[in-house]
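Architecture at a glance
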Amino acid sequence: MNKETEHVKCLIIGSGPAGYTAAIYAARADLKPVLYTGIVPGGQLTQTTEVENFPGYPKGILGPEMMEEFRQQAERFGTDIRFGYATSVDFSESPHKVIIDENVTLTADAVIIATGASAKWLGLESEQKYNGFGVSACAVCDGFFFKGQEVAIVGAGDTAAEEATYLAKLCSMVHMLVRRDVFRASKAMEARVFNTANIEVHYNTETKEIVGDGQNVTGVKVINNRTQVESVINVTGFFVAIGHKPNTDIFKGWLDMDDTGYLITKPGSTHTNVDGVFVCGDAQDKVYRQAVTAAGTGCMAALDAERYLAEREYRV
Ligand code: NDP
């Protein structure tokens, strides 16, 4: 049962770089944004260690610290930041309805979705144990730490192919673990892998365990699913690239999305198919997925929302 209903001008769902950037712009434009953080305040970056590729931090910064700075900047201009998780929406009419934690109902003139995406993991205990200590789900973020070293990457889609070639530029050897005997990646991406001398593709290979010395990764135990032969490949880095899942389930039936759940925007904007509902960050981006690109689209969403609200006021 809904305990309370509150009306806000601008509601932001999500607290990664996209959500907080939208909040900074929306607050400075006097849209009085209310932001719900979701279950992981700060988003995916709070689960990484050093961030070295976000402009403005020449010495690098820890992911959780950077997100704390984003939060403070959003708060400084008056964003009302609240812990809570959007559990359902009703976009059938304006103002739009968003339910938080199943029992708080808000209506909003403009909704900015910045719910992000979650990396898929293999689900091994050792994978979680060494996450951040040799295990990573982002080669572009963490590849640099394995310069000159031997690493493994699991997956055979476009992301894995792209990240394997990225890693091959930095690392001495990249072992690509492919569970079937074919790639899922496009032919062009596959060709890039085949044309890179220091990528070794291991077909029919599944990961059994990440091996470590208690502190850092030292190898990966694999099994050939045809021969059932087990072996250990000595690596210091283990990258998981088996896909991401956009956090968009609650928008099914309301917003246009592709067959993998990424929300679709009108070209060159953050407008969704519903007037007054905007989307930014990884929830709508399966290609770039960087903090800086998420922040960029967060800015766009706030500007789009501001224009939408101004035009609406003018019409009334
Ligand atoms: P995909 O879903 O396309 O591929 C996932 C890969 O991971 C598959 O090869 C899959 O194997 C493998 N996999 C899944 N689960 C496991 C598991 N438990 N163990 C081992 N392997 C596993 O995800 P991507 O992130 O690669 O791509 C997502 C979308 O983004 C695609 O549409 C892609 O084209 C697009 N993209 C485009 C890029 C570009 O244009 N530059 C760059 C990156 C992504 P299997 O094949 O056996 O199912």
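Residues numbered from 1 in each chain as written. Predicted model: local features only at pLDDT ≥ 70, side-chain atom pairs only at ≥ 80, totals over all residues. Heavy atoms only, no water.

Before going further, it helps to spend a moment on the pattern of salt bridges. Evaluation of the coordinates by the stated rule reveals 13 salt bridges. Via salt bridges that share partners, E6, D80 and R82 belong to a single interconnected network. (Salt bridge = Lys/Arg side-chain N within 4 Å of Asp/Glu carboxyl O.)

Taken together, 14 residues lie near the ligand, and D158, T159, R179, R180 and R184 sit nearest. Residue T159 places a side-chain N or O atom 2.6 Å away from an oxygen atom belonging to the ligand. A distance of 2.7 Å is found between an oxygen atom of the ligand and a side-chain nitrogen or oxygen belonging to R184. Here the ligand has 910 Å² of accessible area as a free molecule, and 73% of this is covered by the chains. Among the elements that line the shell around the ligand, the one with the most residues is helix α5 (residues 158-170), at three residues. Here the shell around the ligand is composed, by residue class, of four nonpolar, four polar and six charged. (Near = heavy atom within 4 Å. Polar contact = N/O pair within 3.5 Å; in protein donor to acceptor, adjacent residues only side chain to side chain. Areas by Shrake-Rupley, 256 points an atom, 1.4 Å probe, with all protein chains shown as cover. Helix = DSSP H or I, 4+ residues; strand = E, 2+ residues; numbered from the N terminus. Nonpolar A, V, L, I, M, F, W, Y, C, P; charged D, E, K, R; others polar.)

So, on to the sheet that holds strand β16 (residues 230-233). The strand order across the open sheet formed by three strands is β14-β15-β16, and the pairing between neighbours is antiparallel. Two strands close off the open sheet at either side, each with one partner strand: β14 (205-212) and β16. Adjacent strand axes in the sheet meet at a mean angle of 25° when their direction is disregarded. Two strands pair when backbone bridges link them, and strand β15 (residues 217-224) and β16 are joined in this way by four bridges, in the antiparallel orientation. Counted as the bridge partner of I223 is E230 from β16. (Pairing = 2+ DSSP bridges. Axes fitted to C-alpha atoms, helices over the stretch in contact; angles between N-to-C directions.)

A few words on a nonpolar patch on the surface. On the surface, I39, V40 and Y85 cluster together to form a nonpolar patch covering roughly 280 Å² of accessible area. Of note, V40 is situated in the loop between β2 (34-36) and β3 (50-51). (Patch = residues over 30% accessible without salt bridge, like charges linked within 9 Å, V, L, I, M, F, W, Y side chains within 5 Å.)

Glancing now at helix α7 (residues 291-315). Helix length check: α7 (25 residues) gives 36 Å between terminal C-alpha atoms against 36 Å at 1.5 Å per residue, within 8%. For α7, every residue scored as buried is listed here: A291, A294, A295, T297, G298, C299, A301, A302, D304, A305, Y308 and L309. (Expected span 1.5 Å × (residues − 1). Buried < 20%, exposed > 50% of the residue type's maximum accessible area, 1.4 Å probe, protein only.)

So, about the environment of T37. By the element assignment, T37 lies in the loop between β2 and β3. For T37, the contacting residues outside a window of four places in its chain are G14, S15, Y20, I81, R82, F83 and G84. (Contact = heavy atoms within 4.5 Å.)

The grouping of K120, R179, R180 and R184 at the surface amounts to a positive patch. Examined against the element boundaries, K120 turns out to sit in the loop between β9 (117-119) and α3 (125-129). (Lys, Arg positive; Asp, Glu negative; His and termini not counted. Charge placed at Lys NZ, Arg CZ, Asp CG, Glu CD.)

For the rest of this paragraph, the subject is unusual backbone geometry. Here S94 and P95 are connected by a cis peptide whose omega angle stands at 0°. Phi at Q228 is positive, roughly 65°, even though this residue is not glycine.

Our next topic: the state of the cysteines. Throughout the structure, instances matching the rule amount to one disulfide. Across the disulfide from C138 sits C141; the S-S distance is 2.1 Å. Across the disulfide from C138 to C141, rotation about the S-S bond amounts to roughly 75°, and the bridge is consequently right-handed. Free cysteine C10: the closest other cysteine sulfur is in C280, separated by 9.9 Å. On the basis of relative accessible area, C10 is assigned to the buried category, the value being 0%. (Disulfide = S-S within 2.5 Å.)

The strands that make up a sheet are held in pairs by hydrogen bonds between backbone atoms, and each pair lies either parallel or antiparallel. Strand order in this open sheet of five strands is β10-β17-β11-β12-β13, and the pairing throughout is parallel. This sheet does not close on itself; its edge strands, each paired only once, are β10 (135-136) and β13 (199-202). The pairing of strand β11 (residues 150-154) with strand β17 (residues 237-240) spans four bridges and is classified as parallel. Bridge pairing in β17 links V151 to G237.

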